Structures are given as structure tokens and as C-alpha cells.
Amino acid sequence: MGCSNANALNPNNITAGVANVAFGPNVMITGADNDATDPNIVDGTDSVTVVFATAANTELNANMTSRTSNIVITSNPNNFRMSDALIISDCEISDVFGISNFTGTDPGPYTIAHVLNDQNGDVVNSSTSLTKPYLANNSLIMSLSNATYSVQNTGRTDDAGNPVRALFETRGAANTEIVTGVEDMQIVYGVDTDVSPDGEADVYQSAAAMGATQWARVVSVRIALLIATERGVGRDVDVRPYNNLTDTASIAGAAQAGDRHMRRSFTTTIGLRNRSS
């Protein structure tokens, strides 16, 4: 969202049942340290999950007349449908809710209902009331999505028969290879620990060191990647250790048998939009 401070919104989440989605300051970004629980993720590597409102959004076609009234929107860029979870916001207040019914035809407008049960009788909301009746001139409505980024085996092998790894993006059932040759990813999170948050990281720590309430205070993410060529192109076997983020984690540099890959490590720090100063 383009709001100046997403944490201040602290969205009111009424989703339930088939539309239930976790959304709030403590779950907008989370991670796993040296992940060994997911069989798809390479042991010893980190993963990170982000929950976000999609870039495509639509405006209200008319003011809501009450907190329980239907929402009328001008367009449907994300193909909204019954039981989807949506977020509506005017950058002062925001609500997350499930669609109980969706009606309308192209090119719009469309009507969204948010009662307790959808047209199939399934529960989608725990309440029928949003926090406020939103206005057409300053409110946007968006889909919610989540993505996990992790290092996985591709199922391919190199010229020496060793498995080829890559960075993957996982969204629901879709698992997409996005960067080939990523052998490891290590992540630490910048936490604003000030009593009065100033949007600056005071400490960087791994996911394993994070307290449950600290995820809401993450203002930046430091990521280290170890990337190798897909083929063995070097003259010598690579036996060098590659240590990144050595204050909290290290990348094991033990070479595979007959490994003549060229490797390089990359580290970057990313400030989180709407959280960092």
C-alpha cells in the first residue's frame, strides 16, 4: 500500500473460515532460519515469507452508507471472486474481509458483499461490520497475497552429476524458479527496538532469534546469496569457505566432489517500504 506507515493502520481483520487469512504487523514479514522443516527447501538455508496487498487496485464507485453496506467498485483488475480475502484502506483505517458475494459484469461497476457466509453457505467473515463506512474519493481496495522465497533443488544436475539449486518464489501451489545457481541464502532482520520507533534498525538478528512480537518492528532485511555457475568452468576445485552475515549465520563452503564451479557471494540490505525512515 502507498500509505506512509502501514504499521499504524493495524488492520481490522474479520476474515474467517474459507476466506481466513493472517494479516497484520506481526505477519507481514516472517522467516525461517536454517530451514529443515520444509522438504522442498535445502537444509541449512533461510527462507522469508511476505504478505502484501497486490499492486493492482481499484477505487470505490460510491460511498458506503454504513459499516455493513455493500462495497461498489469501479473495476476488477485482480479478478475478485467469492471467498477471496480483500483489504480496503484510506490510509487512516483499514479492514481485511472476505467476499461473501460478488456481482457485476464488465466493464463494471461491481458489487461486493461482506456478510458472514458466502453463497455456498461457507463462513467467510466473523462479523458483518467494517471499522467505518469508506468513501469513494479516498479509499482503495486490493487483493491480499503472500510469497515465500527459498533455495530449492531444481531437479537438474550439473556436468559432474551434482544437484543444481535455485532461488524459488512460492505462491500457493505455484512454485517458480526465479534465479538459477543460488546455492544458499542467509537472512537477518533489522529490528527497531526503540521505545518510540524511529524507523531505523538498532539490531540485526536471525529469524531464530526473533521474538513473536518483534516481527512488527522489522524495518529492513539483510540478505546474503551464494551463487554458482551452473557448469564447472574453473580450472581448480573450489574449496574456499564462503561466509556471509558472519555475525549471525554462515554459508557452508564445503565443495562437492569434482566441483569446479565459480562462485560469488552477494549481500544487500533492503529497507521495508512504510516501515523504515
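Just above sits the structure.
Draft legend 1. How the structure looks around the overall build of the chain. Within the chain one finds 1 helix and 15 strands. A burial count over the chain gives 42% of its 277 residues as buried.

Draft legend 2. Region of interest: the pairing of strand E14 (residues 218-228). Of all 11 residues making up E14, 9 are buried, and the element is well covered by its neighbours. As defined by bridge partners, strand E12 (residues 182-191) adjoins E14 across 9 bridges and the pair is classed as antiparallel. Paired with Gln186 across the strands is Ala224, a residue of E14. Examined bridge by bridge, E14 and strand E15 (residues 263-271) share 9 bridges and lie antiparallel to one another. Across the sheet, the residue bridging to Ile223 is Thr268, located in E15.

Draft legend 3. View of the sheet that holds strand E7 (residues 101-104). Taken in spatial order, the 3 strands make up an open sheet running E4-E8-E7, and their pairing is antiparallel. Lying at the two open borders of the sheet, with one neighbouring strand each, are strand E4 (71-73) and E7. Across this sheet, the average inter-strand angle for adjacent strands is 20°, counted without regard to direction. Where E7 lies against strand E8 (residues 110-113), 4 bridges are found, and the strand directions are antiparallel. Residue Gly104 lies in a different strand from E8, and its bridge partner there is Tyr110.

Calculation notes
- Residues numbered from 1 in each chain as written.
- Predicted model: local features only at pLDDT ≥ 70, side-chain atom pairs only at ≥ 80, totals over all residues.
- Heavy atoms only, no water.
- Helix = DSSP H or I, 4+ residues; strand = E, 2+ residues; numbered from the N terminus.
- Buried < 20%, exposed > 50% of the residue type's maximum accessible area, 1.4 Å probe, protein only.
- Pairing = 2+ DSSP bridges.
- Axes fitted to C-alpha atoms, helices over the stretch in contact; angles between N-to-C directions.

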